Amino acid sequence: MNGQFFADLAPALPEMLLAGGALLMVLVGAIGGDRSSGLINVLAAILLLAAGAALVTASPETKVLFNGAFTWDAYARFLKVLVIGGALIALIMSFDYLRHEKLQRFEYAILVVLSTTGMLIMISASDLIALYLGFELQSLALYVIAAIHRDNLRSTEAGLKYFVLGALSSGMLLYGCSLIYGYAGTISFAGIAQSVQAGNAPTGLIFGLVFLFAGLAFKVSAVPFHMWTPDVYEGAPTPVTAFFAAAPKVAAMSVFVRVAIDAFPNILDQWRQIIVFISIASMMLGAFAAIGQSNIKRLLAYSSIGNVGYILVGLSAGTSNGVQSVLIYLTVYVIMTLGCFAVVLCMRTKDGRLVENVDDLAGLARTQPLMGFVMAMMMFSLAGIPPLAGFFAKFYVFLAAIEAQLYWLAVIGVVTSVVGAFYYLRIVKIIYFDEATIEFQRMPFELKAIIALTGAFVLFYFIFPAPMVAVAGAAANSLF
Amino acid sequence: MTLASAFFYLFAGIAVASAFMVIAAKNPVHSVLYLILAFFNAAGLFLLLGAEFLAMILVVVYVGAVAVLFLFVVMMLDVDFAELREGFLQYLPIGGLVGIIVLVELVLVVGSWAVAPSAPQAIAERTPTDITNAEALGRVLYTDYLLFFQLSGLILLVAMIGAIVLTLRHKEGVKRQNIAAQVARTKAAGLSLHDVKPGQGL
């Protein structure tokens, strides 16, 4: 063990920071008990910030560690920054909620940090075992924080449902991995890519691919593996839902892209069928099923299913431009989602109750002008109305599909986003034109800041789109 | 027939027979005992393969921990398995159908088996003969597979934290022994003198 050893491990520094920090926080929590939850929350935020700083300052040069299990490249860096940013903001959003609901348990922040560690491992995973272990580390912590409000029936139901269905999907994923290993003779993505040639891919391997994609589709909540999403989103405590919608979805989608592009580049035509199918199904369900929802968390769940469909459009192109559009869409999606959930977390009535019905937003533009305006902008952006950020995200995705000659896929995408615009615009109408029935409390400072920042991003993205497009392009190129 | 193959048939035969008895025994406690027998014979098969470390782990972990845990659960829960098994026969047609479908699928998959060109090379690295199993495992576990080993540790940590978060409750009103308070008790705190008047009592 010498200096060179540690220098070689440098690309894994963020993961090591988070894992080591989590162990330290467990120790602090075990000594201090729930009284130290405030301290641990701050520690967790600092840890995530430090890991993010380590990521931003690291060079994006491609490196392979741990005997081929862990790949560091510009793609990993882009997505890791996004995941850590999402996790950090979701954690900060939870502070006020946990205080109000008397849920100050020190384990919450620790589990968020450990789950984020799992996500980072997933993003860098370049063989099947690292992929599975990253998934399990991430999901196991998520199951627990979905049920963290253990005296609340809906929260425990959400946790249990997520756990049972998640275990099932892990089983499918593992079954797929074992078949792929059996036919390819190796677990590393590069090795699989080498052994699977176009035209002579064995049926068993395609079988394994289908199971692997089914497991991944569950984790990104794509149709037909989306059933858990509305229930879990509605039942879990709201900041936990915000975390679910932001960080794990990015990590799972990044694994999806890396597996498809790195391990199966030669059988693009085979896996494209699967992606196109689940993409269309997700876009349709996201557009139609959200129309009848009255609970805003359920509505956002269906909206996220629809968004996953749009992201998969970018993946189905299978090109560098397609991956670039996925990265841009994911960034915009995370920021829009966090903004929406920050607004939902501010829906606290004067007597301290948190309401979550769409109709409770009525007249928000007059009672809380900033909140109402940002929520309306978020809805316009989710509906894909120019010049907001959501429009550009959809634009790049559809452009990539058209370049890959998937014309009808792009057409279906545009049609479903028109359908989806109906329920987004209905919320705008409720905010601006309905009579206010409820008066909300003043917004806590940190939520106000998050709402303002995400709102500013969505509103002014069109002025400086070039930097993010360039970074996403470099990240996408590192995969090919 | 060599000695090794004689032992193979002995272990394999007893393993299959006791596995059958696990699902056939009426008494659940007997089922668990047969399960332990099956584990022992599987460990014997591992020994014949030269995998002595796996054999010992199987006995220590599965017999020593898992099967004993099963035994405790079966004894404590007092499940009436005879009742559960009533109506077993009525599920036979559908169960049989599922079994046949799985069999057909297995035959199809095994029948069309194609070994990837790189697969034989991957399994060519046999167990090294000059070092023990445990050492051979240790050499790759803490070097090539270091990441996986550490990640598994983290996953187990999350499982432990999760179990505590979701189930541990500090109930109010439960009396617990407080040794410090017991030791610190003085005569003044624990003893009071009353002057009892004759014929009145306390």
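Given the structure is predicted, the values throughout are model-derived calculations rather than measurements.

### Structural notes on the overall build of chain A
Scanning chain A from terminus to terminus reveals 20 helices and two strands. In terms of C-alpha radius of gyration, chain A reaches 21 Å, essentially the compact-globule figure of 23 Å for 480 residues. Overall, chain A is about 65 × 60 × 40 Å in size when its C-alpha atoms are taken along their principal axes. Here chain A holds 480 residues, and the buried ones make up 63% of them. Put simply, of all contacts in chain A between residues at least 6 apart along the chain, 80% involve residues at least 24 apart. With the model as given, the accessible surface of chain A reaches about 16800 Å², and the carbon-plus-sulfur share is 68%. Separation between the mean location of the 25 positive side-chain charges and that of the 25 negative ones in chain A comes to 4 Å.

### Digging into the interface of chain B and chain A
Between chain B and chain A, the residue contacts involve 26 residues of the former and 31 residues of the latter. Here chain B packs against chain A, burying approximately 2600 Å² in sum over the two surfaces, 76% of which is carbon and sulfur. A per-residue breakdown of the area chain B buries against chain A is headed by Phe148(B), Val158(B) and Val165(B), which together make up 23% of the total. Between chain B and chain A we count one salt bridge in total. Residues Asp151(A) and Arg169(B) are paired through a salt bridge, measuring 3.1 Å at the closest nitrogen-oxygen approach. Secondary structure elements with two or more residues in the side of chain B that touches chain A: helix H6 (119–123) and helix H8 (146–167) of chain B. Take the side of chain B that touches chain A: its biggest share by element is 16 residues, from H8(B). Taken together, the residues of the side of chain B that touches chain A sort by class into 20 nonpolar, four polar and two charged.

### What about unusual backbone geometry?
Residue and element names in this part refer to chain A. Put simply, Val223 and Pro224 share a cis peptide bond, and its omega is 5°. Within the fold, Pro224 resides in the loop between helix H9 (203–219) and helix H10 (228–235). With an omega of 5°, the peptide bond between Pro386 and Pro387 qualifies as cis. A positive phi angle, close to 50°, is found at Phe66, a residue other than glycine.

### Concerning the packing of helix H3 (residues 37–57) of chain A against helix H5 (residues 107–124) of chain A
Residue and element names in this part refer to chain A. It is the contact of H3 with H5, at a shortest axis distance of 9 Å, that shows an interaxial angle of 20°. What the angle tells us is that H3 and H5 run roughly parallel. Between H3 and H5 lies a crossing of left-handed hand. Residues Ile40, Asn41, Ala44, Leu47 and Leu48 of H3 form the contact with H5, whose own contacting residues are Ala109, Ile110, Val113 and Thr116. Looking at side-chain class alone, the contact of H3 with H5 contains seven nonpolar, two polar and no charged residues.

### Quick word on the state of the cysteines
In total, this model carries zero disulfides over all chains according to the counting rule given. Looking at the unpaired Cys346(A), the closest cysteine sulfur is the one in Cys340(A), lying at 12 Å.

### A look at helix H4 (residues 74–100) of chain A
All names here are of chain A. Its 27 residues place the ends of H4 40 Å apart at the C-alpha level, agreeing with the 39 Å of an ideal helix rising 1.5 Å per residue. Along H4, the sharpest change in direction is near 30° and occurs at Ser94. H4 sits mainly inside the fold: 20 of its 27 residues count as buried. Immediately beyond the C-terminal end of H4, within one or two residues, lies Lys102, with a positive phi of roughly 55°.

### Focus on a nonpolar patch on the surface
All names here are of chain B. Where nonpolar side chains cluster on the molecular surface, the patch consists of Leu3, Phe7, Phe8, Tyr9, Leu10, Ile14, Leu37 and Leu48 and spans about 750 Å² of accessible area. Of all the elements in the fold, those that place two or more residues in the nonpolar patch are helix H1 (3–24) and helix H2 (28–48). Per-element accounting of the nonpolar patch gives the leading share, six residues, to H1. Its relative accessible area of 42% is what places Leu10 among the partly exposed residues.

### Considering the confidence of the model for chain B
Residue and element names in this part refer to chain B. In the predicted model, chain B carries a mean pLDDT of 83, and 85% of its residues have values of at least 70. No element of chain B has a lower mean pLDDT than H6, which averages 62, and none a higher one than H8, which averages 92. Of the two predicted TM-score estimates for the complex, the pTM is 0.87 and the ipTM is 0.91.

### Some thoughts on H9(A)
Residues and elements named next belong to chain A. When the terminal C-alpha atoms of H9 are compared, their 25 Å separation across 17 residues agrees well with the 24 Å that a helix rising 1.5 Å per residue should span. Within H9, 12 of the 17 residues are buried, which leaves it mostly tucked inside the rest of the structure. When we look at burial in H9, the residues that qualify are Gly204, Leu205, Gly208, Leu209, Leu212, Phe213, Ala214, Gly215, Leu216, Ala217, Phe218 and Lys219. Those residues of H9 that are buried are in contact with helix H6 (128–146), helix H7 (153–184), H10, helix H11 (238–263) and helix H12 (268–289).

### Topic: the UniProt feature "transmembrane region" (unreviewed entry) in chain B
Residues given the UniProt feature "transmembrane region" (unreviewed entry) here are residues 6–25, 32–51, 57–79, 91–116 and 145–168 of chain B. Each end of residues 32–51 of chain B is marked by a C-alpha atom, and these two atoms are 25 Å apart; helix forms 85% of the span and strand 0%.

### Quick word on the nonpolar core
Core analysis: the biggest nonpolar cluster contains 206 residues, and Ile145(A), Phe243(A), Phe244(A), Phe256(A), Phe264(A), Trp271(A) and Leu315(A) have the highest contact counts within it. In terms of residues, this core owes the most to one element, H11(A), which gives 18 residues.

### What to know about the environment of Ala58(A)
All names here are of chain A. Along the chain, the position of Ala58 falls in the loop between H3 and strand E1 (63–65). Judged by its relative accessible area of 24%, Ala58 falls in the partly exposed class. Along the sequence, Ala58 and Pro11 sit 47 residues apart, while their C-alpha atoms lie 7.4 Å from each other. Not counting chain neighbours up to four residues away, the residues in contact with Ala58 comprise Trp72 and Arg77.

### Comments concerning the pattern of salt bridges
Residues and elements named next belong to chain A. Under the definition given, this model contains 16 salt bridges over all chains. For the salt bridge of Arg348 with Glu101, the shortest nitrogen-to-oxygen distance reads 3.6 Å. Of this pair, Arg348 sits in the loop between helix H14 (320–345) and helix H15 (364–367) while Glu101 sits in the loop between H4 and H5, placing them 247 residues apart in sequence. Residue Arg348 is classed as buried on the basis of its relative accessible area, which comes to 3%. It is possible to trace a salt-bridge network through shared partners that takes in Arg154, Glu157, Lys161, Asp231, Glu234, Lys297, Arg298 and Glu356.

Criteria and thresholds
Residues numbered from 1 in each chain as written. Chains lettered and ligands numbered in written order. Predicted model: local features only at pLDDT ≥ 70, side-chain atom pairs only at ≥ 80, totals over all residues. Heavy atoms only, no water. Helix = DSSP H or I, 4+ residues; strand = E, 2+ residues; numbered from the N terminus. Rg over C-alpha atoms; globule rule 2.2 N^0.38 Å. Buried < 20%, exposed > 50% of the residue type's maximum accessible area, 1.4 Å probe, protein only. Contact = heavy atoms within 4.5 Å. Areas by Shrake-Rupley, 256 points an atom, 1.4 Å probe, with all protein chains shown as cover. Lys, Arg positive; Asp, Glu negative; His and termini not counted. Charge placed at Lys NZ, Arg CZ, Asp CG, Glu CD. Buried area = accessible area lost by both parts, 1.4 Å probe. Salt bridge = Lys/Arg side-chain N within 4 Å of Asp/Glu carboxyl O. Nonpolar A, V, L, I, M, F, W, Y, C, P; charged D, E, K, R; others polar. Axes fitted to C-alpha atoms, helices over the stretch in contact; angles between N-to-C directions. Parallel < 35°, antiparallel > 145°, perpendicular 65-115°, else oblique. Left-handed = near helix turned anticlockwise from the far one by under 90°. Disulfide = S-S within 2.5 Å. Expected span 1.5 Å × (residues − 1). Bend = angle between axes of the 7 residues up to and from the residue. Patch = residues over 30% accessible without salt bridge, like charges linked within 9 Å, V, L, I, M, F, W, Y side chains within 5 Å. pLDDT = per-residue confidence, 0-100. UniProt positions renumbered as here; feature names shortened; annotations may be inferred. Core = buried A, V, L, I, M, F, W, Y, C linked by side-chain atoms within 4.5 Å.

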